[in-house]
Amino acid sequence: MSAPRYWREIKYRYRLIGELCTECGSIIFPRRRLCPHCGCRELEECKLSERGTVLSWTVIQHPPKGYEKYAPYVVALIRLDDGTQILSQVVDVEPEEMRVGLRVEATFRRVREDGSSGIIEYGYKFRPVIEEP
Amino acid sequence: MVLKTSRPVGIIGYGAYIPMNRLKASEISRVWGGCAEPIEEKAVASIDEDAVTIAVECARYAIKRAKIDPREIGAIYVGTESKPYAVKPCGTIVAEAIGATPQVTAADYEFACKAGTEAFQACIGLVSSGMVKYAMAIGADTAQGRPADPLEYTVACGGAAFIFTLKSNKTLAYLEGSYSYVTDTPDFWRRGLEMYPRHGSRFTGEPAYFRHIIGAAKGLMAELGYGPQDFKYAVFHQPNVKFPVKVAKRLGFGMDAIKPGLIVPYVGNTYAGSTPIGLAATLDVAEPGDRILVVSYGSGAGSDAFSFVVQDAIIEGRPRDLPVSTFIARKRYLDYSLYSRMRGKIHL
Amino acid sequence: MRPVSIGGVALTPVGEQWELSLRDLACEAALKALDSVEIDHIDALYIANMAAAPIQGQLHLGAMLADALGLRRIPAIRVEAAQASGGVAIHEAYLAVASGLYDSVIVVGVEKMSDALPEEVRSALAMAEDQEYTAYTGVTDIGLCALLHRLYMERYEAKPEEIASLAAVSHEHAVGCPHAQYPFKVSVERILSSPMEADPIHMLECSGIGDGAAALILTADAGNVEIAASTVAVDHFFLTERRDPLTLEAVRMASKRAYEMAGISPRDIDLVELHDLTTIMGILSLEDLGFVEKGFGARYVSEGNVRRDGELPVNTFGGLKARGNPVGATGVYQVAEVALQLLGEADRCQVEDAETGLAENLGGVASTCSITILRRR
């Protein structure tokens, strides 16, 4: 990926920053020029919840280019505690341990890299919530 | 010469992170023969983890415990010897990930296993001089172990972050003084394009580890007028089990003093994370009034010694929810082949 | 708007056509179509393609194909809407003729996927989704279907074999089809014992990679098969923003408008060409096209209702699964197949007394849906 394209999304990917629609109260992620639900253009930056619940999940066995090193990996549809839905990998879990309803939390991980000389791309992934045993 | 600050400095928050993968020492013996040390197993980063991601985890926990606004952090220093980029600081990525940018100074430190405490020294200086309100020092590593080398048993991944600020009743522990003891001693090194380090085997003992730790510890204690009996706990750099136990004994510390911080048997040597995580594990159990001696060691070589005194705020401010022991207990085992894959030893 | 007819149907066999380039394939279908009709001249060319840019590095397909066909100085336009490119190109062509602007146009759908390695194809197909937040997770198009597949099983207690039965029926229908990629039967047991492609979707529930080209000629005169409706609709681009991920709103909207346009209801449809990228997409489509109540699609299929001799024949030449899915061309294949059925030229795949047929073409995780309804005059 080009450096400018990666750089542009850093804040949103690193810190899970979305937008709050001042009209209908929806939380929008990723950011948009106008609310995809009500069309309002008055949007304020807001931080998404970092915890959520797995709604559905799959295991990617055959990845697209750039993700081979990491396969197989779990991708899940997650409903965050603030009601937003997000698509993300789920890590630190065996596919056999995955289930609908699993509680997960955001973490910061490598997503891919542009060969051995290009930039390293980081971003959010989720993992089962770490709790005291 | 003891390094004393013009104004007292304390720790307002800290956090540690150890990846969940473990490789048993017996697995390494199975593949390469040889004898496993008293080390049982070591922590191994996942394929999508590196020194930066570990540093970010630690930093986030530290900020949460400190209950501060990350925008008020004026400096972020990451000490590591496994920088993902040779040129581009981990510090900037961490700063962005925690929301401290753009009004911050950030950089990386390298001094082998004492890079983390190097960062401590710099942060303490910036804070006590009044240049910044909060400064965060992180020691984090995903160092590489050369296959079939004895060090492969111990090289591990992990880190801890400490946020320093002027001492107040909110700080968890304050610094009485520090002492750095540095010489040019080539006991362990890694050249620029090499994946694995090299070391001088037994040369890494007396002339290196022991000389510098003892030099720094004795120097600090003499200048502060303390003996081992004045310290409740001591944290020494732990490249293996034998060295910290031996140096503790030589300096007059009993096993009780070093036990809380001695995590190497369970997670291995986390390099720049080693002493910081040891300190975190000790703070997890320390009580107000306890004095803690912390002495790191970095090959090349040098030691930073610190004397911290625990304050009342430790009761509320320590991570009751996620102490170091939680990360030690949280594990899944890899076999040697998965470990090789996770650590990028298999070239695709 | 004046009536538009379909003639000059041409299809190349779907498969790995190593000897034929993108241009060769397109010409083969186009020339066959042109040769089969008696038309003075073609007023415009529409070419449907999804992935020639990443796979062949080729843009500007309109000009390229017009040149290859010796069609000079005519409008030549490439249409892209991911895997819905074919249906959307037909929509554009239909509008052009119905509006009176052109009298006869040719629509060519072409895709040459075997020029790329499988991982390159997967990346190309993932370009149908948002790159920065959807594709960035490393999810594939099949992966997105898998999320829906699991959700469907959980919510409606549908069994894997019920959903998989759509692939079995599709394969049955491909037997004897001259242009099908996999013209042989495959049992539900075989399907469910194939390796997981993206849990819970098995490999044999997914359409494969194939090359192919299909062409149609649309004219303003009253032919035997007319376009009764042609619609396109889009849904939220992000699956995460949909009110209910198991409702394909683009399919509901496009089909609703299509039925209105054609003055019919779902009951009047005699056969359906579904976009079964994976089995679950075909099942959800059946429901959102208004043929079966939501949640009952899998059972409906498993009970044999969608066979050629059943209540609602589906994928009459094999669908995406068994006829194949040369992505950008698929939508044209679908409409061509409906036309063949209505013309009585479906040979071993013939559905008896077919008068009205519907083709559903999807792009992305049903972010675009194109519906074409054909009617026999």
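(A) Main features of the overall build of chain A. Per the secondary structure count, chain A includes two helices and eight strands. Ordered by position from the N terminus, the helices and strands of chain A form the series α-α-β-β-β-β-β-β-β-β. By principal-axis analysis of the C-alpha atoms, chain A measures approximately 40 × 40 × 30 Å. A sequence separation of at least 24 residues applies to 46% of the contacts in chain A between residues at least 6 apart.

(B) Inspection of the sheet that holds strand β2 (residues 21-24) of chain B at higher detail. Residue and element names in this part refer to chain B. The strand order β3-β2-β14 describes an open sheet built from three strands, whose pairing is mixed. Strands with a single pairing partner mark the edges of an open sheet, and in this sheet they are β3 (41-44) and β14 (332-334). Ignoring strand direction, the axes of neighbouring strands in this sheet form an average angle of 45 degrees. Relative to β2, helix α1 (residues 25-32) is tilted by about 50 degrees, and along the sheet it contacts β2 and β3.

(C) Quick peek at the nonpolar core. With 297 residues, the main nonpolar core has A55(B), C58(B), V94(B), C123(B), M136(B), V107(C) and A215(C) as its most contacted residues. Ranked by the residues each element gives to this core, the list is headed by helix α2 (residues 51-66) of chain B, at eleven residues. Structurally, this core is a two-domain feature, drawing no fewer than three residues from each of domain 1 (1-48) and domain 2 (49-133) of chain A. In this view, V94(B) contacts V52(B), A55(B), V56(B), A59(B), I76(B), V78(B) and I138(B); residues no more than four positions away in its chain are not counted.

(D) Region of interest: the sheet that holds strand β5 (residues 105-109) of chain B. All names here are of chain B. Taken together, the nine strands give an open sheet; going across it, the order is β5-β4-β6-β7-β1-β8-β13-β12-β11, and neighbouring strands pair in mixed fashion. Each edge of the sheet is formed by a strand with only one pairing partner; in this case those strands are β5 and β11 (233-236). Sheet twist, expressed as the mean angle between neighbouring strand axes with direction ignored, is 20 degrees. Judged from the eight bridges that link them, strand β6 (residues 134-142) and strand β7 (residues 157-166) form a sheet pairing that is antiparallel. Among the inter-strand pairings, G139 is bridged to a residue of β7, identified as A160. Docked against the sheet, α2 engages β1 (9-17), β4 (73-79), β6 and β7, running at close to 130 degrees with respect to β1. Along the sheet, helix α9 (residues 274-283) contacts β1, β6, β7, β8 (173-185), β11 and β12 (291-295); its crossing angle with β7, the most-contacted strand, is approximately 70 degrees.

(E) Structural context of the interface of chain A and chain B. Tallying the contact residues gives 17 residues for chain A and 21 residues for chain B. Among the elements that line the side of chain A that touches chain B, the one with the most residues is strand β7 (residues 103-113) of chain A, at four residues. Partitioned by chemical class, the residues of the side of chain A that touches chain B number nine nonpolar, one polar and seven charged.

(F) How the structure looks around the packing of helix α1 (residues 22-35) of chain C against helix α3 (residues 61-68) of chain C. Residue and element names in this part refer to chain C. Packing of α1 against α3 brings their axes to within 10 Å, and their N-to-C directions diverge by 60 degrees. In terms of their interaxial angle, α1 and α3 are classed as oblique. Two packed elements cross with a definite hand, and for α1 against α3 that hand is right-handed. Where α1 abuts α3, its residues R23, A26 and C27 lie against M64, L65 and A68. Across the contact of α1 with α3, the residue classes tally to five nonpolar, no polar and one charged.

(G) The interface of chain C and chain A, seen in detail. With 28 residues of chain C in contact, the opposing surface of chain A contributes 29 residues. Counting only elements with at least two residues in the side of chain C that touches chain A, the list comes to α5 (118-126), α6 (141-156) and β5 (196-198) of chain C.

(H) Structural detail: α3(C). All names here are of chain C. Inspection of α3 places L61, L65 and A66 among the buried residues, and these make up the whole buried set. Taken around the axis of α3, the buried residues stretch over an arc of 125 degrees, which confines them to a single face. Turning to α3, the residues buried within the fold contact α1, β2 (44-48), α2 (52-56), β3 (76-79) and β4 (104-112). Just past α3, the residue G70 takes up positive phi, approximately 70 degrees.

(I) Broad picture of the domain arrangement of chain A. Residue and element names in this part refer to chain A. Segmenting chain A into domains produces domain 1 (1-48) and domain 2 (49-133). Each of domain 1 and domain 2 has a C-alpha centre, and these two points are 20 Å apart. Tallying the contact residues gives ten residues for domain 1 and 15 residues for domain 2. Taken together, the elements giving at least two residues each to the side of domain 1 that touches domain 2 come down to α1 (3-8) and α2 (10-15). In the side of domain 1 that touches domain 2, the residues fall into eight nonpolar, one polar and one charged.

(J) Main features of the confidence of the model for chain C. Overall, the predicted model of chain C reaches an average pLDDT of 97, with 100% of residues at or above 70. Prediction confidence for the complex, expressed as pTM and ipTM, is 0.95 and 0.96 respectively.

(K) Main features of the pairing of β7(A). Residues and elements named next belong to chain A. Where burial is concerned, most of β7 is hidden: eight out of the eleven residues are buried. Judged from the three bridges that link them, strand β4 (residues 51-60) and β7 form a sheet pairing that is antiparallel. Directly across from R51, in β7, lies its bridge partner E105. The hairpin turn running from β7 into strand β8 (residues 120-128), its antiparallel successor, is six residues long, and G115 in that turn takes a positive phi close to 65 degrees.

About the criteria used
Residues numbered from 1 in each chain as written. Chains lettered and ligands numbered in written order. Predicted model: local features only at pLDDT ≥ 70, side-chain atom pairs only at ≥ 80, totals over all residues. Helix = DSSP H or I, 4+ residues; strand = E, 2+ residues; numbered from the N terminus. Contact = placed C-beta atoms within 7 Å. Pairing = 2+ DSSP bridges. Axes fitted to C-alpha atoms, helices over the stretch in contact; angles between N-to-C directions. Core = buried A, V, L, I, M, F, W, Y, C linked by C-beta atoms within 7 Å. Buried ≥ 20, exposed ≤ 12 C-beta atoms within 10 Å, placed from the backbone. Domains from an automatic or database assignment. Nonpolar A, V, L, I, M, F, W, Y, C, P; charged D, E, K, R; others polar. Parallel < 35°, antiparallel > 145°, perpendicular 65-115°, else oblique. Left-handed = near helix turned anticlockwise from the far one by under 90°. Arc of directions from axis to C-beta. pLDDT = per-residue confidence, 0-100.

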